[in-house]
Amino acid sequence: MEGVAVIKDILHYLQQHQSDILADLKTLVQSDSPTPDKYLVDQCGRVLTDLFSQRLGLNPEVISQTETGDHLRFTFGEGKKQLLIIGHFDTVWEEGRLSFRIDGNKVYGPGTIDMKGGLIQTIWALKACKELGIIPPKKIVVLCNGDHEGIASYTSRPYIEKEARRSEAVLVPEAAQGETGALKTERKGVLRYTITINGIAAHSGNNHQDGVSANVEMAKQILYLNEFTDYQAGTTVNIGVTQGGEGINVVPEYAEMKVDVRVKTMQEAQRMDQLIQNLAPINEHTTLQVHGGIVRPTMEKTQQTEHLFQLAKEAAAEIGMSLTQASVGGGSDGSFTAALGVPTLDGLGAAGEGPHAEHEHILMDQLPVRAALLARILTKL
């Protein structure tokens, strides 16, 4: 009964402070942080720093960056052994695109579910432990990065991996799987490419026959690549951005497309990477250049992952919460840590729907519940 009493105390404390948790979430969400805008991401980082300072008395080690948002490393508690919590505070939303609003039990806004809600839950999970004197036996490092969305954490990855190697386990408060609140124990790997095509320009009226259209070649390559989508195998190929040509009356000399590939295994990742890296022109009078590769490894479920999930499931059961697990296609920095062989549990963040969609939202009443679950997991590890 001791464990049940601990988590019930934590949950009661957090439910009493639900309005404060919501206020902190509003503060963070209203600080727009689109990944490409370093100024805004750093501004949001300062807001996040203020919340850690106000609620926990913690100040970060700032890992300065020149091109992306700075990263923040917070340390909570003491101990020779370490646990790592990782999360990002940048979002896919440009400044002013969405606004914070509440409709019944749903809280809408840019980054509410991906993943500012998870960061706020982390702050309050640690605050509950501190205020109730239930301090986890290990040092907890919270590493917050500002370069996740769209650019796959390319500057923060070395720091994430460095801290993971020091840690016994990694917890990721990324969004839960939908409103069910399922944790994520498997994730697909991510490959990304920019493919450029060069043809021959010509006047579309006078000398059309002398031109070689880069756009036509691109269209054929799109159809070719699209055939490698295999839902049964879990492989998807998405040509997400295309552009080509300079004028309506010019046979286009240049075209470019950006390709996103998701796979379930690293073996499939290697196969798809080799296939795309070796793309050949369909029209011999065009040339292709391929830039990119594997940007996130797969998070494949292991016995270590299952052990962490069972621990979380036991913690959830202490408050009558039924917890399930899911395999998903979205990318996470947890894939980096899992690939190192460090036990990693993902999806511990907010429950809701719509990451990267205009209806992005979380369930308000689950904020204290999910924070309590994270706090209890920390005390059990």
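Residues numbered from 1 in each chain as written. Predicted model: local features only at pLDDT ≥ 70, side-chain atom pairs only at ≥ 80, totals over all residues. Heavy atoms only, no water.

*Asks:* Whenever I open this one, the sheet that holds strand β5 (residues 106-108) confuses me. Can you help?
*Replies:* Note on sheets: strands pair through backbone hydrogen bonds, and any given pair is parallel or antiparallel. The strand order across the open sheet built from four strands is β4-β5-β18-β17, with neighbouring strands paired in antiparallel fashion. What marks the edges here is a single partner per strand, and that holds for β4 (101-103) and β17 (352-353). Sheet topology note: the β4/β5 ladder contains three bridges and is antiparallel. Across the sheet, the residue bridging to Ile102 is Val107, located in β5. (Pairing = 2+ DSSP bridges. Helix = DSSP H or I, 4+ residues; strand = E, 2+ residues; numbered from the N terminus.)

*Asks:* How do you make sense of the packing of aromatic side chains when you look at a structure like this?
*Replies:* Geometry of an aromatic ring pair is reported as the spacing of the ring centres plus the angle between the planes. Under the criterion given, the structure shown has two aromatic pairs. Ring centres of Tyr224 and Phe228 lie 5.2 Å apart, and the angle between their planes is 80°; on these two criteria the pair is classed as edge-to-face. In this arrangement the basic side chain of Arg101 is found over the ring face of Tyr108, its NZ or CZ atom lying 4.0 Å from the centre. Taking NZ or CZ as reference, Lys127 lies 5.8 Å from the ring centre of Trp124, over its face. (Phe/Tyr/Trp six-rings, centres within 6.5 Å; stacked < 30°, edge-to-face > 60°. Lys NZ or Arg CZ within 6 Å of the ring centre and 35° of its normal.)

*Asks:* Looking at this structure, how should I read the pairing of strand β9 (residues 189-198)?
*Replies:* For a regular strand, the rule is simple: side chains alternate between the two faces of the sheet. Counting buried residues in β9 gives seven out of ten residues, a clear majority hidden from the surface. The pairing of β9 with strand β13 (residues 254-263) spans ten bridges and is antiparallel. Opposite Val190, over in β13, you have Arg262 as the bridge partner. Bridge count for β9 against strand β14 (residues 287-296) is nine bridges, and the pairing is antiparallel. In the strand pairing of β14, Val190 is matched with Arg296. (Buried < 20%, exposed > 50% of the residue type's maximum accessible area, 1.4 Å probe, protein only.)

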